[in-house]
Structures are given as structure tokens and as C-alpha cells.
Amino acid sequence: AVVSTQSTGLTCQRFIQYHMSACVSAIGQSVPGTFGRCYEDVFTGEQLVSWLINVGLAEDRADGVSYGSKLVLGRVLCHIDQRRSFYDRHYLYRFARDIPTSVARPRSLNDDSSETADDQFKVTRNSKSLPDWF
């Protein structure tokens, strides 16, 4: 299914504003990694989907995957190694390290500006762009 940039932006903005803090508190955990590394405030795709359903942001698991996918597209959420899209599985995800305070409003895809589709949606914090790998 094709997800509109506008829908993604609105979902991310509302999640950041109203739900992110509660989500991190509810499902964020420390998980030991390889070579002595420890992942802080991470969670599985399964945990996020279950949480989204429990708080009423998703009706079922498929709806939860759609919601999680929007958060990945909006660069609010990412796989810990930035290698995966969002899945309702035991893969580890985390939120952006600098929790964004606003999401730039996307432009219409029919706008005649020279901006590319990739430039139309940006997550920002205090007017600074997050690192490229987010």
C-alpha cells in the first residue's frame, strides 16, 4: 500500500506530541548486544504493535504495522542497525536519539517547487536536522 507523505507527517507529528514519551516509558528497555554493547530504550516491533493496539492507536496488528511503517518513513523510528523496514516481529527498533519536537509539514506532491519528494518531509529538533542516517 502506498502511504502518502501528508499522512505520514501527520501521524508522526501527533505521535511525537502526544504518545512518544508514554511509549518509551512503557516498552523501552535495555538490551545487551554484541561486543559489550548495550542498546538503551529499544523495543521489538511486536512490542510496539501490541502497545499501539492497547492504547487505541491501532485496531489490529496489520494497522499497527502500518502505523509503525509511517514512523519509520518519518524517521521517528528506526531499526537499531538501520537495515530493516518495520515488521511485527522480534527485530529491535528505537526512536530517534534526539527526540524531535516538531515535524516539518510536507508539501503537496503536485507543488511545482524544485524540492524532491525526499526533501518534503524532515524531522527537526530546534531547527537542526537530525543526522542523515536517521
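Residues numbered from 1 in each chain as written. Predicted model: local features only at pLDDT ≥ 70, side-chain atom pairs only at ≥ 80, totals over all residues. Heavy atoms only, no water.

### Here's the deal with the overall build of the chain
Alright, step 1. On a plain count of helices and strands, the chain comes out with four helices and seven strands.
Alright, step 2. Evaluated residue by residue, the chain yields a buried proportion of 34% over its 134 residues.
Alright, step 3. As displayed, the chain has an accessible area near 8,300 Å², and 46% of this comes from carbon and sulfur atoms. (Helix = DSSP H or I, 4+ residues; strand = E, 2+ residues; numbered from the N terminus. Buried < 20%, exposed > 50% of the residue type's maximum accessible area, 1.4 Å probe, protein only. Areas by Shrake-Rupley, 256 points an atom, 1.4 Å probe, with all protein chains shown as cover.)

### Some words on the sheet that holds strand β1 (residues 29-32)
Pairing between sheet strands relies on hydrogen bonds along the backbone, with the strands arranged either parallel or antiparallel.
Alright, step 1. Strand order in the open sheet made by the four strands is β1-β2-β4-β3, with antiparallel pairing throughout. The open sheet has two edge strands with one neighbour each: β1 and β3 (77-79). Recorded for the sheet is a direction-independent mean angle of 60 degrees between the axes of neighbouring strands.
Alright, step 2. Relative to strand β2 (residues 38-44), β1 is paired through three bridges, and the arrangement is antiparallel. Its bridge partner being in β2, P32 is matched across the sheet by C38. (Pairing = 2+ DSSP bridges. Axes fitted to C-alpha atoms, helices over the stretch in contact; angles between N-to-C directions.)

### A look at the packing of aromatic side chains
Alright, step 1. Applying the stated rule across the entire model yields six aromatic pairs.
Alright, step 2. Aromatic pair F43 and F95: ring centres 5.0 Å apart, planes at 40 degrees, arrangement tilted. Highlighted residues: F43 in strand β2 and F95 in strand β4 (residues 92-95), separated in sequence by 52 residues.
Alright, step 3. We classify F43 as buried; its relative accessible area is 0%.
Alright, step 4. On the numbers, 5.8 Å between centres and 75 degrees between planes, the contact of Y87 with Y91 is edge-to-face.
Alright, step 5. Each member of the aromatic cluster is reached from another via a ring pair, and the members are F15, F43, W51, Y67 and F95. (Phe/Tyr/Trp six-rings, centres within 6.5 Å; stacked < 30°, edge-to-face > 60°.)

### Some details on unusual backbone geometry
Alright, step 1. Although it is not a glycine, D41 adopts a positive phi angle of roughly 50 degrees.
Alright, step 2. Note on placement: D41 falls in strand β2.

### What to know about the confidence of the model for the chain
Alright, step 1. When pLDDT is averaged along the chain, the result is 77, and 70% of the positions lie at 70 or above.
Alright, step 2. At the level of individual helices and strands, the chain shows its lowest average pLDDT in strand β6 (residues 123-125), which scores 35, and its highest in helix α3 (residues 45-54), which scores 98.
Alright, step 3. Contacts for the low-pLDDT stretch residues 104-134, under 50 throughout, to residues beyond four places or in other chains number 48 contacts. (pLDDT = per-residue confidence, 0-100. Contact = heavy atoms within 4.5 Å.)

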